[in-house]
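Here's the letter readout for the chains.
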Amino acid sequence: SQTIHQWPATLVQPVGSPLSLECTVEGTSNPNLYWYRQAAGRGLQLLFYSVGIGQISSEVPQNLSASRPQDRQFILSSKKLLLSDSGFYLCAWSVGGSGNTIYFGEGSWLTVV
Amino acid sequence: DQQVKQNSPSLSVQEGRISILNCDYTNSMFDYFLWYKKYPAEGPTFLISISSIKDKNEDGRFTVFLNKSAKHLSLHIVPSQPGDSAVYFCAASKDGGTSYGKLTFGQGTILTVHP
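Residues numbered from 1 in each chain as written. Chains lettered and ligands numbered in written order. Predicted model: local features only at pLDDT ≥ 70, side-chain atom pairs only at ≥ 80, totals over all residues. Heavy atoms only, no water.

Colleague: Sorry, what's going on with the overall build of chain A here?
Modeller: Counting its secondary structure elements, chain A contains zero helices and 11 strands. The helix and strand sequence of chain A, counted from the amino end, reads β-β-β-β-β-β-β-β-β-β-β. Over its C-alpha atoms chain A spans a radius of gyration of 13 Å, differing by no more than 12% from the 13 Å that the globule rule assigns to 113 residues. By its C-alpha atoms, chain A is 40 × 25 × 20 Å across when sized along the principal axes. Taking all 113 residues of chain A together, the buried fraction comes to 48%. For chain A, the share of sequence-separated contacts (at least 6 apart) that also reach a separation of at least 24 residues comes to 55%. Approximately 5100 Å² of chain A is accessible, and the part contributed by carbon and sulfur atoms is 54%. Counting 6 positive and 6 negative side-chain charges, chain A places the averaged centre of each group 9 Å from the other. (Helix = DSSP H or I, 4+ residues; strand = E, 2+ residues; numbered from the N terminus. Rg over C-alpha atoms; globule rule 2.2 N^0.38 Å. Buried < 20%, exposed > 50% of the residue type's maximum accessible area, 1.4 Å probe, protein only. Contact = heavy atoms within 4.5 Å. Areas by Shrake-Rupley, 256 points an atom, 1.4 Å probe, with all protein chains shown as cover. Lys, Arg positive; Asp, Glu negative; His and termini not counted. Charge placed at Lys NZ, Arg CZ, Asp CG, Glu CD.)

Colleague: How should I be thinking about the pairing of strand β7 (residues 65-70) of chain A in this particular structure?
Modeller: For a regular strand, side-chain orientation follows a simple rule: the groups alternate between the two sheet faces. All names here are of chain A. Two elements, β7 and strand β8 (residues 73-78), share four bridges in a ladder whose sense is antiparallel. Among the inter-strand pairings, Ser-67 is bridged to a residue of β8, identified as Ile-75. What sits between β7 and β8 in their antiparallel hairpin is a turn of two residues. (Pairing = 2+ DSSP bridges.)

Colleague: In this structure, what is going on with the environment of B:Phe89? I would like to understand it.
Modeller: Within the secondary structure, B:Phe89 sits in strand β9 (residues 86-94). Remark: the alpha-carbon pair of B:Phe89 and B:His72, spanning 17 residues in sequence, is separated by 14 Å. When sequence neighbours within four positions are dropped, the list of residues in contact with B:Phe89 reads A:Gln38, A:Gly43, B:Gln6, B:Leu34, B:Trp35, B:Tyr36, B:Lys38, B:Phe105, B:Gly106, B:Gln107 and B:Gly108.

Colleague: Can you help me understand the sheet that holds strand β1 (residues 4-5) of chain B in this one?
Modeller: Backbone hydrogen bonds hold the strands of a sheet together, and the pairing may be parallel or antiparallel. The five strands are arranged β1-β3-β8-β7-β6 (chain B) in an open sheet whose pairing can be described as antiparallel. Two strands close off the open sheet at either side, each with one partner strand: β1 and β6 (56-59) of chain B.

Colleague: It is not clear to me how the interface of chain A and chain B should be interpreted in this structure. Could you clarify?
Modeller: Interfaces are often described in size by the accessible area the parts lose on coming together. At the interface, 25 residues of chain A touch 21 residues of chain B. Surface buried jointly by chain A and chain B totals about 1700 Å² across both partners, of which 60% is contributed by carbon and sulfur atoms. Across the chain A-chain B interface, the total number found is zero salt bridges. The tally of links between chain A and chain B comes to three residue pairs in polar contact (both at pLDDT 80 or more). Going through the elements one at a time, β4 (32-38), β5 (44-52), β9 (87-94) and β10 (103-104) of chain A are the ones with two or more residues in the side of chain A that touches chain B. Each residue belonging to the side of chain A that touches chain B can be placed in one class, and the counts come to 12 nonpolar, 10 polar and three charged. (Buried area = accessible area lost by both parts, 1.4 Å probe. Salt bridge = Lys/Arg side-chain N within 4 Å of Asp/Glu carboxyl O. Polar contact = N/O pair within 3.5 Å; in protein donor to acceptor, adjacent residues only side chain to side chain. Nonpolar A, V, L, I, M, F, W, Y, C, P; charged D, E, K, R; others polar.)

Colleague: Honestly, the nonpolar core in this entry has me stumped. Any pointers?
Modeller: Side chains of nonpolar character tend, in soluble globular proteins, to be buried together. Counting 23 residues, the largest nonpolar core has B:Phe33, B:Trp35, B:Leu73, B:Leu75 and B:Tyr88 as the members making the most contacts within it. Sorting the residues of this core by element identifies β3 (19-25), β4 (30-38), β5 (45-51), β7 (62-67), β8 (72-77), β9 and β11 (109-114) of chain B as the ones contributing at least two each. Residue contributions to this core peak at four residues, all from β9(B). If near-sequence neighbours (up to four positions away) are discounted, B:Leu73 is found in contact with B:Leu21, B:Asn22, B:Cys23, B:Tyr25, B:Phe33, B:Trp35, B:Val64, B:Phe65, B:Leu66 and B:Cys90. Counting 20 residues, the second-largest nonpolar core is a separate cluster that includes A:Phe48, A:Val60, A:Trp93 and A:Leu110. (Core = buried A, V, L, I, M, F, W, Y, C linked by side-chain atoms within 4.5 Å.)

Here is the structure:
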């Protein structure tokens, strides 16, 4: 069966510091991968998605970037965090090529102080 | 522009009764709809989905109804159980299977089921 893991689970970072959240998927090949964010009191917002290695699409302009160095690895990064980057970040996957049903990881709480 | 809206921030229901969670959308291009359930500090869990070619889909205690003319869908939980207490998100996508799972989510509804 397929599993998805992301880490770290919680993170407290000062303003201006870098960020790296990592996500891996097991049990499937060539998945579509996503980064979502849930800000306080709001719904889930799609940040990035990837349909293959090195292929990244950004949905909203922001202070973050994403990379997919391997088929089942997805990384969310920032060079300098802002207070507004605080939130609950979720990695997700779906069947490659199609599949509107996406499956989420456990999430990572980021607090920028 | 909130294309998917869940206008009720919270819902309280007695155990054994029916829970009805509502969702409205504005984009007529949406053709696939999903419900997710989320516990605090965890990722959302997929519950049930429906394609726009159907008006009802049932899975155990969960039934989703779609009214395309009203751009409205609802999730029915019967009977409700205390373990159903969570945040429920409605989500929508367009272009059938080509949108690569890019979902637009509502704000969520907190469901509390009292014993």
